[in-house]
Amino acid sequence: MNEIIALIDKLAKEHSLSAEEYEKLIEFRTPEAVKYIREKAVEARKEVYSNKVFIRGLIEISNICKNDCLYCGIRRSNKNCSRYRLNADEILECCKEGYALGFRTFVLQGGEDAYYDDDVLTDIISRIKTSFADCAVTLSLGERSRESYQRLFEAGADRYLLRHETANEEHYRRLHPDSMSFSERMECLKNLKEIGFQVGCGFMVGSPFQTTSDIARDLKFIEKFSPDMCGIGPFIPHKDTPFADQSAGSAELTCFLLSVIRLIKPNILLPATTALGSVNSDGREKGIQSGANVIMPNLSPHSVRKKYELYNNKLSDGDESAQNLMNLKQKMLNIGYEIVTDRGDIVK
Ligand code: SAM
């Protein structure tokens, strides 16, 4: 037990552990260790961000995807998925509504849909930046060429989220079809960083075949890559995927890892994800209490929300909805945190 507490103290001080130490920390965590690391993580984030929680308006622009990731409900092979895409005017309308609600970051997320070529996207980005000059634009649209990322950056996009999914190449191969490659994913992350985006990586907790050693590798990757943002959430099965019968990842381990990641990089932007809120009714609050400092309510048009179904029972209404921000604000106040109207850039 004392050994685990000593590891937490070491991580809080040095922001790094060996892969073996991470494995030990995860495998032998006790309720006392969980409580202790949470306190350390909350302390670390308070020093950088006080009690502020940043919000992002999440606009799910398309569920059309050329990829066939084995875990994902909007994978190409899912014939039961009713497909949609939003055009520039519809996206701008979401931003307008979000701006009035107090959002100062818009996240455009979607499948890899060829409709959004560089011309279409640069037009959308520059229209958002012209209409809402004090807002940040985050993109989460998968793998693209370096030239394409460069054009999106020059059009005004500020941030890019591209989860690495797993830092173990063999594990990557078991989660994706042969047409996708680990090295390309990693190359994209490197390009995004070199171009100047604030970059986010991340992974699913409890994805099929994931071992503790894989998670340790993810943590070592995060140490080395030093992303500005990191999205982690439990894997949740989707009934129309090859992983339909796999079990979901745990909210408890996700929260523990949020604390670990906060201690690796105290200034990181760390969301309490929709997946965490979907497996646990107070998942978002628990995530914030474990060291997360970002929440991404859903700002997509109501008519398409249910169609962006990455996994079974994905939340999109209730507190997950941007329109219910007042409720979320109150919930955060109840646990001592304040949702702010701010772009919410990383503090360097
Ligand atoms: N297409 C873009 C990409 O690949 O980065 C962005 C959209 S993708 C649907 C966003 C993230 O959803 C993925 O990076 C993945 O980690 C997560 N995701 C997909 N299926 C999931 C599932 N069944 N459970 C939990 N998270 C899932």
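Use the structure listed above.
Residues numbered from 1 in each chain as written. Predicted model: local features only at pLDDT ≥ 70, side-chain atom pairs only at ≥ 80, totals over all residues. Heavy atoms only, no water.

A. The sheet that holds strand β2 (residues 57–62), seen in detail. Read across the sheet, 6 strands follow the order β2-β3-β4-β5-β6-β7 without closing on themselves; strand pairing throughout is parallel. Each end of this open sheet is capped by a strand with a single partner; those strands are β2 and β7 (229–234). Averaged over all adjacent pairs, the angle separating strand axes in this sheet is 20 degrees, with direction ignored. In terms of strand pairing, β2 meets strand β3 (residues 105–110) through 5 bridges, oriented parallel. Residue pairing across strands places I59 opposite L108, the latter belonging to β3. (Pairing = 2+ DSSP bridges. Helix = DSSP H or I, 4+ residues; strand = E, 2+ residues; numbered from the N terminus. Axes fitted to C-alpha atoms, helices over the stretch in contact; angles between N-to-C directions.)

B. Expanded view of the environment of C72. Locating C72 in the fold gives a position in the loop between β2 and α4 (88–101). Its relative accessible area of 16% is what places C72 among the buried residues. With 127 residues separating them along the chain, C72 and V199 place their C-alpha atoms 22 Å apart. With residues near it in sequence (within four places) discarded, C72 still touches T241 and L310. (Buried < 20%, exposed > 50% of the residue type's maximum accessible area, 1.4 Å probe, protein only. Contact = heavy atoms within 4.5 Å.)

C. Expanded view of empty space enclosed by the protein. Tallying each qualifying case throughout the model produces 1 cavity of 30 Å³ or more. By volume, the largest cavity amounts to about 980 Å³. What lines the largest cavity is a set of 47 residues, among which Q109, S140, R163, Y308 and L310 lie closest to the centre. Looking at the lining of the largest cavity, the elements that each hand over two or more residues are β2, β3, β4 (136–140), β6 (198–205), β7, α11 (274–279) and β8 (294–295). Split by residue class, the lining of the largest cavity holds 27 nonpolar, 12 polar and 8 charged. (1 Å grid on protein atoms, 1.4 Å probe; cavity = no way out; pocket = protein on both sides within 12 Å on 5 of 7 lines; lining within 4 Å. Points joined across faces, edges and corners; volume = space filled by probe spheres on them. Nonpolar A, V, L, I, M, F, W, Y, C, P; charged D, E, K, R; others polar.)

Shape descriptors only; they carry no functional weight alone.
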